[in-house]
Amino acid sequence: MLFRTIKHQEQGIEGLTTTFLSTWKKTPSYFWLVLVGLMSLNWILEAWKWKTLLQEIEPISGVQAIKAVLSGLALGMLLPAGTGDVAGRIIYLQKKTEGIGAGVLSGIIQTVITLSFGYGSLLFMAQKFNLSNTLEIYLLFGIPIIALVSIILWSNLSKTILKQNQRWQQVLLAILSLSKKQWFRLIGIGMIRHFVFILQFALLFYWADVQLPFSDTLAVINSIFLAKTIIPALNFVSDLGIRELSAIYFMRHYEVDINQVITATFSLWLINIAIPVLIGSIWILFTRKNAI
């Protein structure tokens, strides 16, 4: 779908390639150093979140947490819907059942933060452009309903599960063992990670000459992250397509060059996903080689 969308643009694939290469060539090296630094900060924060989640289950070092996060990214390339991320993280744990709960909770925390900011951004865009009968409106009505149903189901099922199933009790240990201080820390880490994502995206929009008012830039970025969160990705390649198509959709209200938009979003994917996945894959291969 992304290929067809680009192909039907006036300049087509050739125009996108020209825009991408020319933008990259004129970029000073310090700009990439800043983005790579933010990428590193992003995954260090995620490793800190993972370390905090395991504090009462199976304490690990910061280095072990980083290895687990990168391994999760690498396996996420092969397995859909976040299962690879959790599987990669628990490889190094003794208490793998409890680790599953920690992995799921880590994803839930980031998802709730992303949906919250994204929902506010959808409200902003719906009011600014007086939208009706569009995807934004459906999401504004649908997200609260789904959230409410999920909370009700969780509150009812968790009571039954805790009473009847010991294995599920182990999975839920990551949630039940957290103190209020740890909850605040986890939410705080998740918020900082989200702000790092936004800063990276905003810098890349500026770099690719996608010029929008500040508030609109934030609204579009948060809306893209919301779409990427709620649309399931089969692997890290399909994640790329979701990001680009979402950007094109939410940019339809503005007079911008789609090639420049895709240049920014593709560059973000390269820095935040492709490079860490490559590092994680090398680490897994290295670990397996030593284990043989």
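Residues numbered from 1 in each chain as written. Predicted model: local features only at pLDDT ≥ 70, side-chain atom pairs only at ≥ 80, totals over all residues. Heavy atoms only, no water.

### Description of the overall build of the chain
Heads up, the rule is: A helix here means a DSSP run of H or I that spans at least four residues, while a strand means a run of E at least two residues long, and both kinds are numbered starting from the N terminus. Categorising residues by exposure relies on relative accessible area from a 1.4 Å probe, with only protein chains included: less than 20% of the type maximum marks a residue as buried, more than 50% marks it as exposed, and the intermediate range marks it as partly exposed. Contacts: residue pairs with any heavy atoms within 4.5 Å of one another. Exposure was quantified through the Shrake-Rupley algorithm and a 1.4 Å probe, taking into account, for residues, occlusion by the shown protein chains and nothing else.
Each helix and strand counted, the chain has 13 helices and zero strands in total. Ordering the α and β elements of the chain from the N terminus gives α-α-α-α-α-α-α-α-α-α-α-α-α. Sorting the 292 residues of the chain into buried and exposed places 45% on the buried side. Counting contacts in the chain only where the partners sit at least 6 residues apart, residues at least 24 apart contribute 72% of the total. By element, 68% of the accessible surface of the chain is carried by carbon and sulfur atoms, the whole surface being about 15,700 Å².

### Comments concerning helix H11 (residues 214–230)
Note the threshold: Multiply 1.5 Å by the residue count of a helix minus one, and that product is the helix's expected span.
A rise of 1.5 Å per residue sets the reference length of H11, with its 17 residues, at 24 Å; its end C-alpha atoms lie 25 Å apart and thus fit the reference within 8%. Of all the positions in H11, only Asp216, Thr217, Ala219, Val220, Ile221, Asn222, Ser223, Ile224, Phe225, Leu226 and Ala227 are classed as buried.

### Quick word on the environment of Tyr119
Considering the arrangement of structural elements, one finds Tyr119 in helix H6 (residues 96–128). What makes Tyr119 partly exposed here is its relative accessible area of 22%. Separated by 20 residues in sequence, Tyr119 and Leu139 have C-alpha atoms that sit 8.2 Å apart. Not counting the four nearest positions on each side in its chain, Tyr119 is found in contact with Leu139, Leu140, Ile143, Pro144 and Leu226.

### Some words on the pattern of salt bridges
Opposite charge on two side chains makes pairing possible when the charged atoms of those side chains draw close. As a reminder of what qualifies: Whenever a carboxyl oxygen of Asp or Glu lies within 4 Å of a side-chain nitrogen of Lys or Arg, that contact is scored as a salt bridge.
All chains considered together, the criterion is met by six salt bridges. Note that Asp85 and Arg89 form a salt bridge whose closest N and O atoms lie 3.4 Å from each other. A residue pair is termed a helical-turn pair when its members lie 3 or 4 positions apart in one helix, as Asp85 and Arg89 do in helix H5 (residues 83–90) at four residues. For Asp85, a relative accessible area of 22% translates into the label partly exposed. Residue Arg89 is classed as buried on the basis of its relative accessible area of 4%. Put simply, Glu136 and Arg252 hold a salt bridge, and the shortest N to O gap is 2.9 Å. Of this pair, Glu136 sits in helix H7 (residues 135–164) while Arg252 sits in the loop between helix H12 (236–250) and helix H13 (258–291), placing them 116 residues apart in sequence. Arg252 sits in the partly exposed class, given a relative accessible area of 37%. Connected through salt bridges with shared partners, the residues Glu46, Lys49, Asp85, Arg89 and Arg193 form a single ionic network.

### What to know about the confidence of the model for the chain
The condition that has to hold: Per residue, pLDDT measures the predictor's confidence, with a range of 0 to 100.
Averaged over every residue, the pLDDT of the chain is 85; the share at 70 or more is 86%. Confidence, read as mean pLDDT per element, is least for helix H1 (residues 2–7) in the chain (49) and greatest for helix H10 (residues 180–207) (95).

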